[in-house]
Amino acid sequence: MDRAKARSQWENLCCVLQQSGCKVETIDAVDGLEDMVFAANQIFAGEKIGYGKFVVPSRMRYASRQPEVSYYADWFRARDYRMIDLDYADDYLEGHGDLLWHPDGLRIYGGYGFRSTRGGVEKFSAAMFEMGIPVVPLHLVDPYCYHLDTCLCPLNNEAALIFPGAYSSEALASLHKFWKRVHLLTADEAHCFMGNGIVVNNSYIAPHITPQLEEILHQEGLSPVIVETTEFEKSGGSCSCMKTFLP
């Protein structure tokens, strides 16, 4: 890994997000926890009227990443987010890597099969049920798309970008029920993290764009913004993996 290049790419992503109208908050790095940079995974953040802002801490599958969670939980706790702690037992759940809000906030999609377990998604679903928020479980079957945010990107309330080969037949049929327009990525596009984009203020921030994807974005009123993430792709992540939107 080229550390200087990685730093430059991270700073460029922060700059692009700010130019797109976002305020960027950061968390202090911890020695030995290099994967903290993938800030989508350690918690799930949300807000519910009558309940306020809340966070569900993750349980990471790999032992090397499990210590990251407490630092993120402390960061949110210091900012008065309510903590919803789940009894995971033998299950795993990896935050916004596998849990994605529908843009209108009326439901959550929960991926499982590689990093998160079905039991983890079910326990999360039970907690969300108490707030009246349904969770749609989605079984992932492509090991290159081990997190849901690599193969599902909501573009707006009516349209989503997906890689169909990432899902079981049941999960794929379920997805189609919730979107008026479903745009399909090829395997090559998905495996190059083109579905791991960030949608913000009419922009689609991604590491690569093909003519087909550019046409899809044009149809949905989005402009592509390319941000190089080659150093982070070596660890299996890209743009969306490196952020969590705060409610």
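Note that the structure is predicted; figures quoted are calculated from it, not measured.

1. Digging into the nonpolar core
Counting 30 residues, the largest nonpolar core has Leu-138, Leu-148, Leu-152, Leu-155, Tyr-167 and Tyr-204 as its most contacted members. The set of elements that each furnish at least two residues to this core consists of β6 (135–139), β7 (152–154), β8 (159–162), α5 (169–176), β11 (203–206) and α7 (211–219). What Leu-152 contacts, discounting residues up to four positions off in sequence, is Leu-100, Tyr-109, Leu-138, Ala-160, Leu-161, Ile-162, Tyr-167, Leu-175 and Gly-195. Membership of the second largest hydrophobic core comes to 17 residues, among which are Ile-84, Leu-93, Phe-124 and Ile-133.

2. Quick notes on the sheet that holds β8
Sheet strands line up and pair through hydrogen bonds in the backbone, either parallel or antiparallel. Taken together, the three strands give an open sheet; going across it, the order is β7-β8-β9, and neighbouring strands pair in mixed fashion. Of all the strands in the sheet, just β7 and β9 (181–184) have a single pairing partner and so form its edges. The average undirected angle you get between the axes of adjacent strands in this sheet is 20°. For β8 and β9, the ladder comprises four bridges, and the chain directions are parallel. Looking at β9, one finds that Ala-160 is bridged to Val-182. α7 rests against β8 and β9 of the sheet, and its axis sits at about 165° to β9.

3. With respect to the packing of aromatic side chains
Throughout the structure, instances matching the rule amount to nine aromatic pairs. Pairing Trp-75 with Phe-76 gives two aromatic rings, centres 4.9 Å apart and planes at 70°, and the pair type is edge-to-face. Here Tyr-109 and Trp-179 contribute two aromatic rings whose centre-to-centre distance is 5.7 Å and whose plane-to-plane angle is 25°, an arrangement assigned as stacked. Of the two residues, Tyr-109 sits in strand β5 (residues 108–112) while Trp-179 sits in the loop between α5 and β9, which places them 70 residues apart along the sequence. Like Tyr-109, the residue Trp-179 is buried in the burial classification. By the ring-pair criterion, three or more aromatic residues cluster together here, those being Phe-44, Tyr-51, Phe-54, Trp-101 and Phe-124. Lying across the ring of Trp-75, Arg-79 places its NZ or CZ 3.7 Å from the centre. In this arrangement the basic side chain of Arg-82 is found over the ring face of Tyr-51, its NZ or CZ atom lying 3.8 Å from the centre.

4. Remarks on the side chain of Asn-196
As for its placement among the helices and strands, Asn-196 is situated in the loop between α6 (187–191) and β10 (198–200). You can call Asn-196 buried: its relative accessible area is 0%. Leaving out residues up to four positions away in the same chain, Asn-196 has contacts with Asp-149, Thr-150, Tyr-204, Ser-238, Cys-239, Ser-240 and Cys-241.

5. A word on the side chain of Arg-107
Tracing the backbone shows Arg-107 in the loop between β4 (99–101) and β5. Buried and without a salt bridge, Arg-107 has Asp-104 as its closest oppositely charged side chain, separated by 5.0 Å.

6. Digging into the pairing of β6
Note that β5 and β6 share five bridges and pair parallel. Pairing of Gly-111 across the sheet is with Leu-138, part of β6. Tracing the backbone out of β5, into helix α4 (residues 118–129) and back to the parallel element β6 gives a crossover that is right-handed.

About the cut-offs
- Residues numbered from 1 in each chain as written.
- Predicted model: local features only at pLDDT ≥ 70, side-chain atom pairs only at ≥ 80, totals over all residues.
- Heavy atoms only, no water.
- Core = buried A, V, L, I, M, F, W, Y, C linked by side-chain atoms within 4.5 Å.
- Buried < 20%, exposed > 50% of the residue type's maximum accessible area, 1.4 Å probe, protein only.
- Helix = DSSP H or I, 4+ residues; strand = E, 2+ residues; numbered from the N terminus.
- Contact = heavy atoms within 4.5 Å.
- Pairing = 2+ DSSP bridges.
- Axes fitted to C-alpha atoms, helices over the stretch in contact; angles between N-to-C directions.
- Phe/Tyr/Trp six-rings, centres within 6.5 Å; stacked < 30°, edge-to-face > 60°.
- Lys NZ or Arg CZ within 6 Å of the ring centre and 35° of its normal.
- Lys, Arg positive; Asp, Glu negative; His and termini not counted.
- Salt bridge = Lys/Arg side-chain N within 4 Å of Asp/Glu carboxyl O.
- Right-handed = clockwise from strand over helix to strand, strands pointing away.

From the geometry alone we can't say anything about function, so treat these as descriptive.
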